[in-house]
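Here are the chains, one letter per residue:
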Amino acid sequence: MDFQTALKQEKLDDIRKCPKADPHNHFVLGGSRRFLKEQTGKDIQPITEPLNSMQRNWTTLERTD
């Protein structure tokens, strides 16, 4: 089953079987905003409220709102 179909059908086991397509960093779990500002000149503000995309609890497939 492909990722999009598994996601639409909320089949968590099939979603977990799909390879990750994008390398990324969970910045809030260990990144340094100060380092990035020093390197790029961009000041990244901390997140002050949950992201809309995080409104679903994918470990239990239950809505959290």
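What counts, and where the lines are drawn
- Residues numbered from 1 in each chain as written.
- Predicted model: local features only at pLDDT ≥ 70, side-chain atom pairs only at ≥ 80, totals over all residues.
- Heavy atoms only, no water.
- Helix = DSSP H or I, 4+ residues; strand = E, 2+ residues; numbered from the N terminus.
- Contact = heavy atoms within 4.5 Å.
- Salt bridge = Lys/Arg side-chain N within 4 Å of Asp/Glu carboxyl O.

## Observations regarding the environment of Ile44
So, point 1. Of note, Ile44 is situated in the loop between α3 (33-40) and β1 (56-57).
So, point 2. In sequence terms Ile44 and Arg33 are 11 residues apart; their C-alpha atoms lie 6.2 Å from each other.
So, point 3. Among all residues touching Ile44, those that are not within four sequence positions of it are Arg33 and Leu36.

## A look at the pattern of salt bridges
So, point 1. Counting across every chain of the model gives one salt bridge.
So, point 2. We note a salt bridge from Asp14 to Lys17, for which the minimum N-O separation is 3.6 Å. In this pair, Asp14 and Lys17 are both assigned in helix α2 (residues 12-17), three residues apart and thus about one turn of the helix distant.

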